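# Topology and contacts: notes
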Amino acid sequence: MKYKKIIQEILGTELEKQGFEYMPNTSWSYERVKDGVWQSISVVRERYCKGYIRMVFMTNAYGQKAKGLDDFVPEEQLPEYWHYENEEELRKIIEQFRDWTLMYGMEQLEKMSVPTTEARPKPETNRYLYEHHQELYEEYKEKFCGKCDSWKDAIRVVQDKIAEIWDQPFNEVEDILIGLSALYAYALNEGEEGKWVWKDKANACLIEELLGTFASVYPLQDIITAWRRKNTNDLLRRHEIVLIYYENMLKLKEKRKKTK
């Protein structure tokens, strides 16, 4: 069955009129950027059961979660997944998906394109961190880590500083959180600059290959999330996980040496 052709013919042509483009991946996805916000509409197959599909609507607006048709279409008892046995049934389902997308889905995407809070990692603050992370790290390390004996101590300093300010208004502590994000990222990488990457789709900076492993982190998101939740445990846990990856990498390298 030519799934892509059917979906493109029925749903894709309508979405392309709205400025969406087809993006090949594990599902059938259409994406666009509107007013600086990434929006996505996908037809997704159920991983383990053949012949079941659903629609997923997503944006990269902070705090917004993916939604299915059953989350917002005002019909009673919509299923999460829709089942088809043949091409005719698939076509009928995609036609219904198209109608609901045009009737309700586009409006829902607009609602999902608004951040849920102003206390969030903004594109401009992420960009500032991306461009100034080294100088911020050096400033905050000198300011707060004079008595640190390990990188674990540096993470604890970040935790303590967040705890000191988490009852203050976000606009008063945002700059401090950016600086702590740089200190946190370098501490995870044991003082090395590492591989900083700008992700257009997320409008955020990412540090990849921590300690030479496949571990990565969005530092500003981690720090602001810890401040908002008033819980910094995940920061130290992240450090512990990176160290586990690093130790496993060293063991694997040693094992490979012995087998040569």
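Residues numbered from 1 in each chain as written. Predicted model: local features only at pLDDT ≥ 70, side-chain atom pairs only at ≥ 80, totals over all residues. Heavy atoms only, no water.

### Brief notes about the overall build of the protein
For clarity, the cut-off: The secondary structure listing takes helices from DSSP runs of H or I that are at least 4 residues long and strands from runs of E that are at least 2 residues long, numbered from the N terminus. Per-residue accessibility, obtained with a 1.4 Å probe over protein chains only, is compared with the maximum for each type, and a residue is labelled buried under 20%, exposed over 50%, and partly exposed between these values. Should any heavy atoms of two residues lie within 4.5 Å, those residues are counted as being in contact. Residue exposure ignores everything except the shown protein chains as possible cover, and the areas themselves are Shrake-Rupley values with a 1.4 Å probe. For the purpose of counting charges, residues Lys and Arg are taken to be positive, whereas Asp and Glu are taken to be negative. His and the chain ends are not included. Where a charge lies is defined by one atom per residue type, namely NZ (Lys), CZ (Arg), CG (Asp) and CD (Glu).
Counting its regular elements, the protein contains 8 helices and 8 strands. Viewed in the frame of its principal axes, the protein has a C-alpha envelope of about 70 × 60 × 30 Å. Counting only residues that meet the buried cut, the protein has 43% of its 260 residues in that class. A separation threshold of at least 6 residues defines the contact pool for the protein, and within that pool the share at least 24 residues apart is 61%. When the accessible surface of the protein is split by element, carbon and sulfur atoms take 46% of a total near 15,100 Å². For the protein, the centre of its 40 positive side-chain charges and the centre of its 46 negative side-chain charges are spaced 6 Å apart.

### Points about the packing of aromatic side chains
Our working definition: Pairing of aromatic side chains requires ring centres within 6.5 Å, counting the rings of Phe and Tyr and the six-membered ring of Trp. Pairs whose planes differ by under 30 degrees are stacked, by over 60 edge-to-face, and all others tilted. Either the NZ atom of lysine or the CZ atom of arginine qualifies as a charge over a ring when it sits within 6 Å of the ring centre and within 35 degrees of the ring normal.
Enumeration according to the criterion identifies 12 aromatic pairs in this entry. When the ring of Phe-57 is compared with that of Phe-72, the centres are 5.2 Å apart and the planes differ by 80°; the resulting orientation is edge-to-face. In this pair, Phe-57 is assigned in strand 4 (residues 52–59) and Phe-72 in helix 2 (residues 69–72), connecting sequence segments 15 residues apart. Here the two residues Phe-57 and Phe-72 agree in accessibility, since each one is buried. Taken together, the aromatic side chains of Tyr-3, Trp-28 and Tyr-84 make up a single cluster linked through ring pairs. Against the face of Tyr-81 rests Arg-54, its NZ or CZ located 5.6 Å from the ring centre.

### Things to note about the pairing of strand 8 (residues 204–208)
Stated formally: Only when DSSP finds a minimum of two bridges between them are two strands counted as paired.
Buried residues dominate strand 8, accounting for 5 of its 5 residues. Here strand 8 shows two buried faces, one formed by Ala-204, Leu-206 and Glu-208 and the other by Cys-205 and Ile-207. For strand 7 (residues 195–199) and strand 8, the ladder comprises 5 bridges, and the chain directions are antiparallel. Following the sheet pairing, Lys-199 is matched in strand 8 by Ala-204. If you look at the hairpin formed by strand 7 and strand 8, you'll find 4 residues sitting between the two strands, and Asn-203 has a positive phi there, around 55°.

### Here's the deal with the pattern of salt bridges
Defined as follows: Salt bridge, as used here, is a side-chain nitrogen of Lys or Arg placed within 4 Å of a carboxyl oxygen of Asp or Glu.
With the rule as written, the count across this model stands at 21 salt bridges. With a closest N to O distance of 2.3 Å, Asp-234 and Arg-237 form a salt bridge. With Asp-234 and Arg-237 both in helix 8 (residues 233–259) and 3 residues apart, this pair spans about one turn of that helix. Judged by its relative accessible area of 44%, Asp-234 is partly exposed. Salt bridges here are not isolated pairs; linked through shared partners, they connect Lys-195, Lys-199, Glu-208 and Glu-209.

### Some points on helix 8
Under the convention used in this document: The span expected for a helix works out to 1.5 Å for each residue beyond the first.
Along its 27 residues, helix 8 runs 40 Å from first to last C-alpha, staying within 8% of the 39 Å computed at 1.5 Å per residue. When helix 8 is considered as a whole, its buried residues turn out to be Leu-235, Leu-236, His-239, Val-242 and Met-249. Lining the buried residues of helix 8 we find helix 5 (151–165), helix 6 (170–188) and helix 7 (219–229).

### With respect to the side chain of Ser-113
The criterion, for reference: Pairing of N or O atoms within 3.5 Å defines a polar contact, subject to two protein rules: one partner must be a possible hydrogen donor and the other a possible acceptor, and residues neighboring in sequence count only if both atoms are side-chain atoms.
Along the chain, Ser-113 falls in the loop between helix 3 (87–112) and helix 4 (123–144). For Ser-113, the side chain forms a polar contact with the main-chain oxygen of Leu-109, separated by 2.7 Å. Setting aside its immediate chain neighbours within four residues, Ser-113 contacts Val-37, Gln-39, Thr-59 and Ala-61.

### Some remarks on the nonpolar core
What counts here: Put simply, buried Ala, Val, Leu, Ile, Met, Phe, Trp, Tyr and Cys residues joined by side-chain atoms within 4.5 Å make one nonpolar core.
Core analysis: the biggest nonpolar cluster contains 41 residues, and Ile-162 and Leu-177 have the highest contact counts within it. Only helix 4, helix 5, helix 6, strand 7, strand 8, helix 7 and helix 8 provide two or more residues apiece to this core. Counting residues per element, this core draws most heavily on helix 6, at 12 residues. Contacts of Ile-162, omitting those with residues within four sequence positions, involve Leu-177, Leu-180, Ile-223, Ala-226, Trp-227, Thr-232 and Leu-235.

### Considering a nonpolar patch on the surface
To keep things clear, this is the line we draw: Patch membership is restricted to residues that have no salt bridge and whose relative accessible area is over 30%. Joining uses 9 Å for like charges and 5 Å for the nonpolar side chains Val, Leu, Ile, Met, Phe, Trp and Tyr.
Residues Phe-214, Ile-241, Ile-244 and Tyr-245 make up a contiguous nonpolar surface patch of roughly 400 Å² in combined accessible area. Inspection of the secondary structure puts Ile-244 in helix 8. According to the relative accessible area criterion, Ile-244 is partly exposed, its value standing at 45%.

### A few points about helix 4
As a reminder, the rule being used: In this scheme, the bend at a residue equals the angle between the axes fitted to the seven residues that finish there and the seven that begin there.
With 22 residues, helix 4 ought to run about 32 Å at 1.5 Å a step, yet its terminal C-alpha atoms sit only 26 Å apart, falling short of that. Of all the bends in helix 4, the greatest, near 80°, is centred on His-132. Burial in helix 4 covers these residues: Thr-125, Asn-126, Leu-129, His-133, Leu-136, Tyr-137 and Tyr-140. In this structure, the buried residues of helix 4 make contact with helix 5, helix 6, strand 7, strand 8 and helix 7.

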